[in-house]
Amino acid sequence: MTFEEIKNDEQKYMMHTYGRFQTAIVSGKGATAKDVSGKEYIDFTSGIGVNCLGYCDDGWVKAVSSQVSAVQHISNLYYSPLQTEVSKKICELTGMDKVFLCNSGAEANECAIKIARKYSFDKYGEDRQKILTLVNSFHGRTVTTLAATGQDVFHNFFFPFTEGFDYVTANDICDLESKISDEVCAVFIELIQGEGGVMPLSQEFVDAAEKICKEKDILLMIDEVQTGVSRTGTVYCYEQYGIKPDVVTSAKGLGGGVPIGACLCNEKLSDVMTAGTHGTTFGGNLIACAAAREVLSRVTTKAFLEEVCRKGDYIREKLTAMPNVKEVRGKGMMIGIVTEKDNAKEIAGKCVENGLLILTAKTLLRLLPPLNISYEEIDKGLAVLSGVMSGD
Ligand SMILES: *Cc1c(COP(=O)(O)O)cnc(C)c1O
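Only a predicted model underlies this, so the values are computations on that prediction, with no experimental measurement involved.

Chemist: Quick question: what am I supposed to make of the packing of helix H12 (residues 344-353) against helix H13 (residues 375-389) here?
Modeler: Packed helices, taken two at a time, are described by their axes: the angle between them and the distance between them. Packing of H12 against H13 leaves a shortest axis separation of 9 Å and a crossing angle of 125 degrees. Here H12 is positioned oblique relative to H13, judged by the angle of their axes. Between H12 and H13 lies a crossing of right-handed hand. Packed against H12, whose contacting residues are Ile347, Lys350 and Cys351, the element H13 presents Val384, Leu385, Val388 and Met389 at the interface. Per-class residue counts for the contact of H12 with H13 are six nonpolar, no polar and one charged.

Chemist: Even after reading the chapter, I still don't get helix H4 (residues 81-94), so can you show me in this structure?
Modeler: An α-helix turns once every 3.6 residues. As a result, residues three or four positions apart point the same way. Here H4 contains 14 residues, and its C-alpha end-to-end distance of 20 Å stays within 8% of the 20 Å for a straight helix at 1.5 Å per residue. Taken as a whole, H4 has its buried residues at Leu82, Gln83, Val86, Ser87, Ile90, Cys91 and Thr94. Across the axial projection of H4, the buried residues extend over an arc of 165 degrees, all falling on one side. Across from the buried face of H4, at angles greater than 90 degrees, the exposed residues are Pro81, Lys88 and Glu92. One side-chain oxygen at the N-terminal end of H4 lies 3.1 Å from the backbone nitrogen of Leu82; it belongs to Ser80.

Chemist: What am I meant to see in the packing of helix H11 (residues 302-320) against H13 here?
Modeler: One way to put it is that H11 packs onto H13 with a least axis distance of 11 Å and a crossing angle of 25 degrees. For the element pair H11 / H13, the angle class is roughly parallel. For the pair H11 and H13, the sense of crossing is right-handed. Facing H11, whose interface residues are Glu307, Arg310, Lys311, Tyr314, Ile315, Lys318 and Leu319, H13 presents Tyr375, Ile378, Asp379, Leu382 and Leu385.

Chemist: Just to check I follow, could you spell out the domain arrangement of the protein chain for this structure?
Modeler: Size of an interface, as often reported, equals the accessible area lost when the parts are brought together. Considered domain by domain, the protein chain is made up of domain 1 (61-299) and domain 2 (302-369 + 380-392). If you average the C-alpha positions of domain 1 and of domain 2, the two centres end up 27 Å apart. Residue-level contacts link 23 residues of domain 1 with 18 residues of domain 2. Both faces considered, domain 1 and domain 2 share a buried interface measuring about 1,600 Å² in area, 62% of it formed by carbon and sulfur atoms. Of all residues in domain 1, Val198, Arg231 and Gly233 give up the largest surface area on contact with domain 2, accounting jointly for 37% of the area buried on that side.

Chemist: When you look at the pairing of strand E6 (residues 165-168) in this model, what are you seeing that I'm missing?
Modeler: On a regular strand, each side chain points to the face opposite its neighbour's, so the side chains alternate between the two faces of the sheet. Bridging between strand E5 (residues 130-134) and E6 involves four bridges; their strand directions are parallel. Counted as the bridge partner of Ile131 is Phe165 from E6. As for the winding sense of the linkage, the β-α-β connection from E5 through helix H6 (residues 143-148) to E6 is right-handed.

Chemist: For this particular structure, what's the right way to read unusual backbone geometry?
Modeler: What is expected of a backbone is that most residues other than glycine have negative phi and most peptide bonds are trans. A cis amide bond links Phe159 to the next residue, Pro160, at an omega of -5 degrees. Relative to the helices and strands, Pro160 resides in the loop between H6 and E6. Residue Val198 is not a glycine yet carries a positive backbone phi of 50 degrees. Mapped onto the elements, Val198 comes out in the loop between strand E8 (192-193) and strand E9 (199-200). Phi at Lys362 takes a positive value of approximately 55 degrees, unusual for a residue other than glycine. Take Lys362: it is sitting in the loop between strand E16 (359-361) and strand E17 (364-367).

Chemist: What should I look at first to understand the sheet that holds E17 in this one?
Modeler: As a general point, the strands of a sheet are linked pairwise by backbone hydrogen bonds and lie either parallel or antiparallel. Pairing within the open sheet is antiparallel, and its four strands lie in the order E13-E14-E17-E16. Strands at the two margins of the open sheet, each flanked by one partner only, are strand E13 (325-331) and E16. Averaged over all pairs of adjacent strands, the angle between their axes in this sheet comes to 30 degrees, without regard to strand direction. Strands E13, strand E14 (334-339) and E17 of the sheet are contacted by H11, whose axis makes an angle of about 170 degrees with E13. Contacting E14, E16 and E17, H12 runs over the sheet at an angle of about 45 degrees to E17.

Chemist: Any chance you could explain the side chain of Ser230 here in plain terms?
Modeler: With respect to the helices and strands, the residue Ser230 is situated in the loop between strand E10 (219-223) and helix H9 (238-241). Given the relative accessible area of 0%, Ser230 is considered buried. Excluding anything up to four places from it in sequence, Ser230 contacts Val235, Val299, Thr300, Leu305, Val308 and Leu371.

Chemist: What exactly am I supposed to notice about the site of the ligand here?
Modeler: With respect to spatial proximity, the complete set of residues near the ligand consists of Ser104, Gly105, Ala106, Asn109, Phe138, His139, Gly140, Glu190, Asp223, Val225, Gln226 and Lys252. In isolation the ligand has 380 Å² of accessible area, and contact with the protein removes 81% of it. Each residue belonging to the shell around the ligand can be placed in one class, and the counts come to three nonpolar, six polar and three charged.

Rules and cut-offs
- Residues numbered from 1 in each chain as written.
- Predicted model: local features only at pLDDT ≥ 70, side-chain atom pairs only at ≥ 80, totals over all residues.
- Heavy atoms only, no water.
- Axes fitted to C-alpha atoms, helices over the stretch in contact; angles between N-to-C directions.
- Helix = DSSP H or I, 4+ residues; strand = E, 2+ residues; numbered from the N terminus.
- Parallel < 35°, antiparallel > 145°, perpendicular 65-115°, else oblique.
- Left-handed = near helix turned anticlockwise from the far one by under 90°.
- Contact = heavy atoms within 4.5 Å.
- Nonpolar A, V, L, I, M, F, W, Y, C, P; charged D, E, K, R; others polar.
- Expected span 1.5 Å × (residues − 1).
- Buried < 20%, exposed > 50% of the residue type's maximum accessible area, 1.4 Å probe, protein only.
- Arc of directions from axis to C-beta.
- Polar contact = N/O pair within 3.5 Å; in protein donor to acceptor, adjacent residues only side chain to side chain.
- Domains from an automatic or database assignment.
- Buried area = accessible area lost by both parts, 1.4 Å probe.
- Pairing = 2+ DSSP bridges.
- Right-handed = clockwise from strand over helix to strand, strands pointing away.
- Near = heavy atom within 4 Å.
- Areas by Shrake-Rupley, 256 points an atom, 1.4 Å probe, with all protein chains shown as cover.

The following block contains the structure:
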C-alpha cells in the first residue's frame, strides 16, 4: 500500500476527528519509527507521551507477549495476582492508599471527579459539588472531562455539559481564593499544563492551593496523565512540588503503549467508592497490567530518573542555542519551545518531511521523547530540528 492509498482510505472510512501529519507509520525500534515507504524518523513524541520505553523495547515486548500467551483478560468478577501486584507497586511508589484501574486519562479523571463528589455528598450532603479547575487546562474528551477542561473552545456543540465546574486563572492565588466557596468539593489541576502549552504552575500557587484545600476539607486532585510515570524526572511531578495530593490520576505512559489509566486516592478517601459505584469492563486488563508492571519496574529506579533529568537538561541546553528559539520550558523530558517566528505548526510539518516526529501544544513546539532515548537519537533529532529552525 502507498501513503496516498492509506490517506484515501482514512478519509473514506474514518471519522474526520484528527488533523494528521503526512506520514503513515508501520514499525519502530527505540526512538526510531519507519513509515510505509521505508523512510525513518527520530521520534520526539512517544505517541504523545505513551511509548515511554520507545518502540518495541525488548523487555516490554517480552512482558506483553508472555502475558498474551498466559491469559489476556478475566473480567473484574475474579481476583488476579497480576492486578494486585501492579496496584501494590503503584501505591508503594506514590504513598497513595488505593487505586482504581481504567483505560485512559479521561476515565481516570472521571473517577477522580466521582470520588470528589461522593466524598463530599457522604460527608456534607447535596450542595457541595463544585470542582475548580484551571483556565487553559486539559482533562479529556468525555462530556464531563470536557466540562472540567478550562478552555472555551472545548465547550461547544455537545450541550448540555456536566454542571459544577469553575475555572481559576493559573498562578493567580487571589482568583483561587475568590472562587473558593462552601459549594466547592475539589481543586483539580495539572502541575504542568501539557496541551495548554507546557505551562508549569508556580510553587506559591500550588502551596496556596494545598493550604486552602487542607483548611476547608476540599480535595486537592492532580491530573498527572501527561506529567506522570517519570516524564518530568520524578515518578510523579507532585513530588517536586512537595505536596501531598488527595487524588492523583495517571495514564499515557503507564502502559508504555497499551491503554491503561489509574486513579489513586489517599487514605482519607479509601472507602469512598464502594461496590457498584464505579467500574469498567477493561479496567485492570491483564495485558495492560503486564505492560504497566514492566514500565513501573523500569522507569522508577533512581538511576533511570537521574538519566531522564540529565537527558532533559541536555536537550534543553541544545535547544536554547538553536535559531528561532525564544524560550524553552518544562521539566525532565516534557519540553516546550516558544519560537521567535511563532511558526510551531509549520516547523512541525517540515520536521516530518525531514525525518523527525515532533509535537505542538497551542503555539509551542512540544517534545515528549521516549524516556530511554539514546544520546545518538537525541543528537540526530536535534540536528533535523536545528536545520528546519534555521530555514535550510
Ligand atoms: C492526554 C490527557 C488527558 C486525556 O487522556 P486520554 O487518555 O486521551 O483520555 C487528560 N489529562 C491530561 C493532562 C492529558 O494530557
